[in-house]
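An overview of the molecular structure
What follows is the residue order along each chain.
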Amino acid sequence: MSAEYRVGVIGLGGRGMGHIHGILTERDDTIVTAVCDVYEDRMQKAVDYCKEKKGWDVAAVPCYRQLIERDDVDVVFVFSAWENHVPAAVYAMECGKQVGIEVGGAYSLDDCWKLVDTYEKTRIHCMMLENCCYDRNEMMVMRMVREGVFGKVVHCEGGYQHDLRSEIAFGEENRHYRLRNYQNRNCENYPTHELGPIAKILDINRGNRMVSLSSMASGAFGLNDFAEKNEKVNPALKTYRFAQGDIVKTNIRCANGELITLTLDTTLPRNYSRNFTVRGTNGYFSEVCNAVYMEHVHGEWDHKFYNNVKEYREQYEHPVWHKFETEGIKGGHGGMDWLVFDAFFEALKNGEVPPIDTYDTAAWMAITPLSEISILNNGAPQDIPDFTRGMWTHRPEWDKNHGFYALDK
Ligand SMILES: NC(=O)c1ccc[n+]([C@@H]2O[C@H](COP(=O)([O-])OP(=O)(O)OC[C@H]3O[C@@H](n4cnc5c(N)ncnc54)[C@H](O)[C@@H]3O)[C@@H](O)[C@H]2O)c1
């Protein structure tokens, strides 16, 4: 198939270059025509890579607005630092360009409303490329929930639990945005890896909605300690008063009675885990225990139900993963990166709303500024806006995604 979509890429750090390597130069329906970064060397690296691998002549454009305005760019991908996501996405929508953004939280509720207002004005959606919605367990559990395996779902839990001390502490050397964020903000800064799949499971924005949240944060000790123990880290960080607490817990109440608990845990020693947990009246899925428990099947709970997820793969594997396994898993992060781009392009080709639409993007990103206010106010509850303006109760058929990669009922 010849290339159909001329892609402009904003942000050429770890993720941007990763997507150029693993996705955008691997798909047969994309051609990268322009790239943008504030660093010249990163643009040059991307230009050289595309030339060498595909023979493409890619333009290097230091200003993201100029990249978006180009006639040879149909689709804009925003893989830049968090601060640039909303400005770039809104400008792309205003210029009539399709847009996908990498994950991250917003800086204000106004920014989330800007996304929604711009969609409603332009009818171009901003899809958050939340790859974890397409991971294997998350998709399998979504299917199990839809088939009623766990009964009424009551509590979902998840976390971004990833030791990022080195990435943050070497932020100056690596020119990485996380350092300045941890220095200046205290919030649930990365809610969507766990919230995205949970929101889909709970039909958020399509029959359900997040109503209010409360967040609390521990103090910030991990990064000072890390700087103390590592002589290569800038010594000023040993005593720097970081704003970001090591652990942030957020509880979210939903309209249909469910509770969601999120954990941010990125500056203490630990293994990687998203602690994906779904609890219902008839059983649960637990990533940490690698367990499925169904009361009507298993009877009384027993330790033997640990590590039994593989027994349910065949029966409950999501069709997307059946196909993916058969055809050969591709792309980073175990394949979920590839799938989220498949989902983006499928919606574009079918002229449908994306499976993660602008209302989802805005609602998920809003957790960050709301958590910041709640933490500042001793965990005071914060109302979560209804970005659908009442449509969550009755989203019409034409406002849903019906494709193979659909995440809704
Ligand atoms: N989905 C995932 O699994 C996953 C994994 C890692 C990172 N991410 C996300 O990807 C994004 C990028 O993360 P990263 O680790 O690659 O960061 P990075 O710092 O390595 O890269 C970000 C790049 O954006 C550039 N940039 C910043 N502001 C810009 C602007 N105004 N115009 C043009 N370029 C700009 C920076 O110069 C940098 O090169 C973040 O949103 C992050 O949350 C997602």
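All values derive from a computational prediction rather than experimental measurement.

**Re the sheet that holds strand β4 (residues 75–78)**
Strand order in this open sheet of six strands is β3-β2-β1-β4-β5-β6, and the pairing throughout is parallel. Both edges of this open sheet fall to β3 (59–60) and β6 (126–128), since each of them pairs with a single strand only. As paired strands, strand β5 (residues 98–101) and β6 are joined by three bridges and run parallel to one another. Opposite I101, over in β6, you have M128 as the bridge partner.

**Points about the sheet that holds strand β9 (residues 247–254)**
The mixed open sheet is built from eight strands, whose spatial order is β13-β12-β11-β7-β10-β9-β8-β14. Of all the strands in the sheet, the pair left with one neighbour each is β13 (291–294) and β14 (382–383). Examined bridge by bridge, β9 and strand β10 (residues 259–265) share seven bridges and lie antiparallel to one another. Of the residues in β10, the one forming a bridge with T250 is L262. Packing of helix α16 (residues 358–376) onto the sheet brings it into contact with β8 (210–217), β9 and β14, and relative to β8 it is tilted by some 50°.

**Some details on the nonpolar core**
V9, I10 and A89 are the most contacted members of the largest nonpolar core, which has 100 residues in total. Shared between two domains, this core takes at least three residues from each, and those domains are domain 1 (5–130) and domain 2 (132–399). Once residues within four sequence positions are removed from consideration, A89 is found in contact with V78, V99, I101, L115 and C126. Listed in part, the 10 residues of the second largest apolar core include L179, L223, A227 and L237.

**What about the site of the ligand?**
Close to the ligand lie 25 residues; G11, G13, R15, S80 and E102 are nearest. No other element matches the three residues that helix α1 (residues 14–24) contributes to the shell around the ligand. Of the residues in the shell around the ligand, the class split is 11 nonpolar, 10 polar and four charged. Of the residues that make up the shell around the ligand, three or more belong to each of domain 1 (5–130) and domain 2 (132–399).

**Some words on the packing of helix α10 (residues 192–201) against α16**
It is the contact of α10 with α16, at a shortest axis distance of 10 Å, that shows an interaxial angle of 135°. Here α10 is positioned oblique relative to α16, judged by the angle of their axes. The two elements α10 and α16 cross, and the hand of that crossing is right-handed. Side by side, α10 and α16 meet where T192, L195, G196 and A199 of the first sit next to D360, W364 and I367 of the second. Taken together, the residues that form the contact of α10 with α16 break down as four nonpolar, two polar and one charged.

**Thoughts on helix α15 (residues 336–350)**
Its 15 residues place the ends of α15 21 Å apart at the C-alpha level, agreeing with the 21 Å of an ideal helix rising 1.5 Å per residue. Residues of α15 that are buried include every one of M336, D337, W338, L339, V340, F341, D342, A343, F344 and A347, and no others. Positive phi appears at G351, one or two residues downstream of α15, with a value of about 65°.

**What about the environment of Q66?**
Take Q66: it is sitting in helix α3 (residues 64–69). Given 13 C-beta atoms within 10 Å, Q66 falls into the partly exposed group. Measuring from C-alpha to C-alpha, the distance between Q66 and E372 comes to 33 Å, with 306 residues separating the pair along the chain.

**A look at the domain arrangement of the protein chain**
According to the domain assignment, the protein chain consists of domain 1 (5–130) and domain 2 (132–399). For domain 1 versus domain 2, the distance between C-alpha centres works out to 23 Å. Facing the 27 residues of domain 1 at the interface are 39 residues of domain 2. Among the elements of the structure, α1, β5, α5 (109–122) and β6 are those that each provide at least two residues to the side of domain 1 that touches domain 2.

Analysis parameters
- Residues numbered from 1 in each chain as written.
- Predicted model: local features only at pLDDT ≥ 70, side-chain atom pairs only at ≥ 80, totals over all residues.
- Pairing = 2+ DSSP bridges.
- Helix = DSSP H or I, 4+ residues; strand = E, 2+ residues; numbered from the N terminus.
- Contact = placed C-beta atoms within 7 Å.
- Axes fitted to C-alpha atoms, helices over the stretch in contact; angles between N-to-C directions.
- Core = buried A, V, L, I, M, F, W, Y, C linked by C-beta atoms within 7 Å.
- Buried ≥ 20, exposed ≤ 12 C-beta atoms within 10 Å, placed from the backbone.
- Domains from an automatic or database assignment.
- Near = placed C-beta within 6 Å.
- Nonpolar A, V, L, I, M, F, W, Y, C, P; charged D, E, K, R; others polar.
- Parallel < 35°, antiparallel > 145°, perpendicular 65-115°, else oblique.
- Left-handed = near helix turned anticlockwise from the far one by under 90°.
- Expected span 1.5 Å × (residues − 1).

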